Amino acid sequence: MGSTSRGRPSAEDIERLLVGAPPRFTKEQVTAEAGVPRELAERIWRALGFAQRADDAVAFTEGDLGALRRVRRMLDSGALDEQTVVRMARALGQTTARLAQWQAEIMIGAMVPPDPSEDDLARVLGAAQELIPDFEQVLVHVWRAQLAAAGTRLLAIADGGDELVPTRVSMAVGFADLVSFTRRARELDEKELAELVEGFEARASDVVAGHGARLVKTLGDEVLFTAPSAAQAARIALDLVESGVELRIGMAYGPVLPMMGDVFGTTVNLAARLTAIARPGAILVDSALADALADALADGLAGAPDGLAEVEVREIRRRPARGLGVVRPYVLRRSSS
């Protein structure tokens with residue numbers, strides 16, 4: 001594809017670069033060519049987050065046709081039913097929408113000055129044209145690696161008698177919350193606030209991944225992570241509170257329902273409540289995680305070079321937790337000896 005013209009890029013320029021060939025088909029034509037029922041195709045498009053198109057609009061490309069043909073092949077194979085295809089489409093749509101928004105913000109933030117000229121905007125499009133083939137290959141590679149890691153985690157935490165994809169699994173769940181975020185948000189300008197949040201998320205992501213665990217989601221001033229074991233969760237929490245940013249952390253261990261990339265259940269709610277009552281700089285854990293950590297230390301993990309030998313867990317007074325009654329928290333910290 002040739003280079004983009006100088007001047008401010010139009011929506012058509014961007015679409016032509018990123019989507020490729022111009023639209024050729026209406027809804028009726030693209031679904032008929034692919035052999036996919038129109039109702040199912042529309043459910044898939046909605047799940048992917050695509051804008052609704054008028055029935056007579058020529059709005060679908062060869063790429064759209066190819067994607068629907070792949071859906072047809074997946075259904076014909078018998079490996080996936082229609083409900084599963086729609087669920088997979090929703091996961092894909094929600095994840096890639098956030099990824100695309102994030103990448104666009106990074107690119108524009110790095111390349112476009114505060115008062116951009118038309119040439120500055122055209123330069124971004126030119127850079128995208130040059131980099132997208134490599135981005136695409138890296139994206140597929142990382143997705144395959146993450147899919148392998150996710151499958152390995154599910155197999156590792158499932159009991160021997162469970163299904164390969166269990167409905168509920170036992171794991172550690174943790175929330176890490178930036179202290180005084182509301183006050184900081186009022187004091188910082190937009191750029192400083194963005195740097196604070198991005199720095200926190202980046203550090204949390206590095207720490208969680210470094211310990212073989214999973215960052216489930218970020219919520220601006222808070223991150224949610226899971227770990228297969230209490231020992232991994234403890235290492236993550238200790239590294240986070242020692243990272244130079246004032247945090248409060250709450251963690252619990254127990255059965256969790258993984259669904260749509262998120263986690264649900266009483267264990268998750270308990271971790272959130274413990275975070276809310278933790279003091280700045282403190283790590284609170286529930287009795288199940290405290291017991292699991294004590295077992296891990298007794299089994300010899302304390303002698304590992306990661307320093308868990310210097311960890312102590314101390315029970316504190318019981319506290320009311322909204323929706324969960326009275327809970328028995330424990331403070332997790334490095335021992336002073």
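Our structure is the block above this text.
Residues numbered from 1 in each chain as written. Predicted model: local features only at pLDDT ≥ 70, side-chain atom pairs only at ≥ 80, totals over all residues. Heavy atoms only, no water.

A.B. asks: Account for the overall build of the protein chain, naming residues and giving values.
C.D. replies: Each helix and strand in the protein chain was counted, giving 11 helices and 10 strands. Buried positions account for 35% of the 337 residues belonging to the protein chain. Put simply, of all contacts in the protein chain between residues at least 6 apart along the chain, 65% involve residues at least 24 apart. For the protein chain, the computed accessible surface area is about 19,800 Å², with 53% contributed by carbon and sulfur atoms. (Helix = DSSP H or I, 4+ residues; strand = E, 2+ residues; numbered from the N terminus. Buried < 20%, exposed > 50% of the residue type's maximum accessible area, 1.4 Å probe, protein only. Contact = heavy atoms within 4.5 Å. Areas by Shrake-Rupley, 256 points an atom, 1.4 Å probe, with all protein chains shown as cover.)

A.B. asks: Tell me about the packing of aromatic side chains, and name the residues and values.
C.D. replies: Per the stated rule, a full pass over the model turns up 1 aromatic pair. Consider the rings of tryptophan 45 and phenylalanine 60, whose centres lie 4.6 Å apart with planes at 25 degrees: the pair is stacked. Of the two residues, tryptophan 45 is situated in helix H3 (residues 38-48) and phenylalanine 60 in the loop between H3 and helix H4 (62-77); the sequence distance between them amounts to 15 residues. With relative accessibility at 8%, the residue tryptophan 45 sits in the buried group. (Phe/Tyr/Trp six-rings, centres within 6.5 Å; stacked < 30°, edge-to-face > 60°.)

A.B. asks: Let's hear about the layout of surface pockets: which residues, and what values?
C.D. replies: Counted as a void, the second largest pocket has a volume near 340 Å³. Residue lining of the second largest pocket: Arg98, Gln101, Trp102, Glu105, Ile106, Gly109, Ala194, Val197, Glu198 and Glu201, and that is the complete set. Mapped onto the lining of the second largest pocket, the elements with two or more residues apiece are helix H5 (82-111) and helix H8 (190-210). The dominant element in the lining of the second largest pocket, judged by the number of residues it contributes, is H5, at 6 residues. Partitioned by chemical class, the residues of the lining of the second largest pocket number 4 nonpolar, 2 polar and 4 charged. (1 Å grid on protein atoms, 1.4 Å probe; cavity = no way out; pocket = protein on both sides within 12 Å on 5 of 7 lines; lining within 4 Å. Points joined across faces, edges and corners; volume = space filled by probe spheres on them. Nonpolar A, V, L, I, M, F, W, Y, C, P; charged D, E, K, R; others polar.)

A.B. asks: Give a detailed account of the pairing of strand S2 (residues 214-218), specifying residues and quantitative values.
C.D. replies: Note on strand geometry: in a regular strand, side chains alternate between the two faces of the sheet. Across 4 bridges, the pairing between S2 and strand S3 (residues 222-227) is antiparallel. Bridge pairing in S3 links threonine 218 to valine 223. The antiparallel pairing of S2 with S3 creates a hairpin that spans 3 residues between the two strands, and glycine 220 there sits at a positive phi of about 80 degrees. (Pairing = 2+ DSSP bridges.)

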